[in-house]
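# Commentary on secondary and tertiary structure
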Amino acid sequence: MQKINILGMSLTDYSLREAIGITDRFIGSGSLNTILFISAKILVEAGNSEKQRAWIGAADLIVWSDAEIVRQAGISAKERTHEVENQDYLKEVLKRLGRGKKPIYLLAESEEELEQLENNLKYIREDLNIVGKDAVSGVRAEWDDEANRINELAPAAVISGMRFERQAELVESMKKILNADIWLALDHEMQPGNRKMPFIRKILSKWYHYLFQKLLLEYHHKDR
């Protein structure tokens, strides 16, 4: 465990073993715990938004979806960088859910993205017990109905893959009423299973890495 300061946010970097230990305690705890996957892009956008920084701070566990964050934060252990690059945390959690036949509910923003999310997850772990899935409307008034549909199935895990702002608002709205143990809020840009990233997305990723590094340097300069 290592505390790191990123753009004014005090976040904790947990090793794979530590993060899995925390997650094991979450599963079966009887209350919903949110696990938020964070990329350099998300941090760049949060750097200009107090609201987004508050969402990040409210998560019960932060998981890096981008190894560049680890490097820029000064965490030099190659093993830690490899854990992030290899998506070891997601693989270990899905292994536990699959082996235990734990019921899972999937959420995305469209039917197409929902299908892609399911395919990506099953690419990592074929034995996942997906008991329900839904494309979530952008209308907040309908989110209570969505929560009721999820609660009827009482999943152990909710797994969502959406744009950060929509996802964060959904988590904030449902967290106190949802009957599940964990909510894995995946980074919308992730390629689960280390699938090859599309060329355009790779270029954009490099651009956000540059912006992230630039923001860190500016922040540290102001902080002196």
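Presented here is a report on the structure given in the accompanying data block. Not measured: the values here are computed from a predicted model.

### Observations regarding the packing of helix α3 (residues 50–58) against helix α9 (residues 164–174)
It is at 11 Å that the axes of α3 and α9 come closest, and there the two elements cross at 55 degrees. Classified by the angle their axes make, α3 and α9 are oblique. For the pair α3 and α9, the crossing hand works out as left-handed. Of the residues in α9, those in contact with Lys51, Gln52, Trp55 and Ile56 of α3 are Phe164, Glu165, Ala168, Glu169 and Glu172. Here the residues of the contact of α3 with α9 sort into four nonpolar, one polar and four charged.

### Some details on the nonpolar core
Looking at soluble globular proteins, one finds that nonpolar side chains tend to be buried together. With 38 residues, the main nonpolar core has Ile38, Ile56, Trp64, Leu107 and Trp183 as its most contacted residues. For this core, the leading source of residues is α9, giving five residues. Sequence-distant contacts of Trp183, that is, excluding residues within four places in its chain, are made with Leu32, Asn33, Thr34, Ile35, Leu107, Val158, Ser160, Leu170, Val171, Met174 and Leu178. Ala19, Ile35, Leu94 and Met190 belong to the second-largest nonpolar core, a separate cluster that totals 28 residues.

### Section: the packing of helix α1 (residues 16–26) against helix α6 (residues 88–99)
Two elements in contact, α1 and α6, have axes separated by 10 Å at closest approach and are oriented at 35 degrees. Of the two elements, α1 crosses α6, and the hand of that crossing is right-handed. For the pair formed by α1 and α6, the contact residues are Leu16, Ala19, Ile20, Thr23 and Asp24 on the first element and Asp88, Tyr89, Glu92, Val93 and Arg96 on the second.

How each quantity is defined
- Residues numbered from 1 in each chain as written.
- Predicted model: local features only at pLDDT ≥ 70, side-chain atom pairs only at ≥ 80, totals over all residues.
- Heavy atoms only, no water.
- Axes fitted to C-alpha atoms, helices over the stretch in contact; angles between N-to-C directions.
- Helix = DSSP H or I, 4+ residues; strand = E, 2+ residues; numbered from the N terminus.
- Parallel < 35°, antiparallel > 145°, perpendicular 65-115°, else oblique.
- Left-handed = near helix turned anticlockwise from the far one by under 90°.
- Contact = heavy atoms within 4.5 Å.
- Nonpolar A, V, L, I, M, F, W, Y, C, P; charged D, E, K, R; others polar.
- Core = buried A, V, L, I, M, F, W, Y, C linked by side-chain atoms within 4.5 Å.
- Buried < 20%, exposed > 50% of the residue type's maximum accessible area, 1.4 Å probe, protein only.

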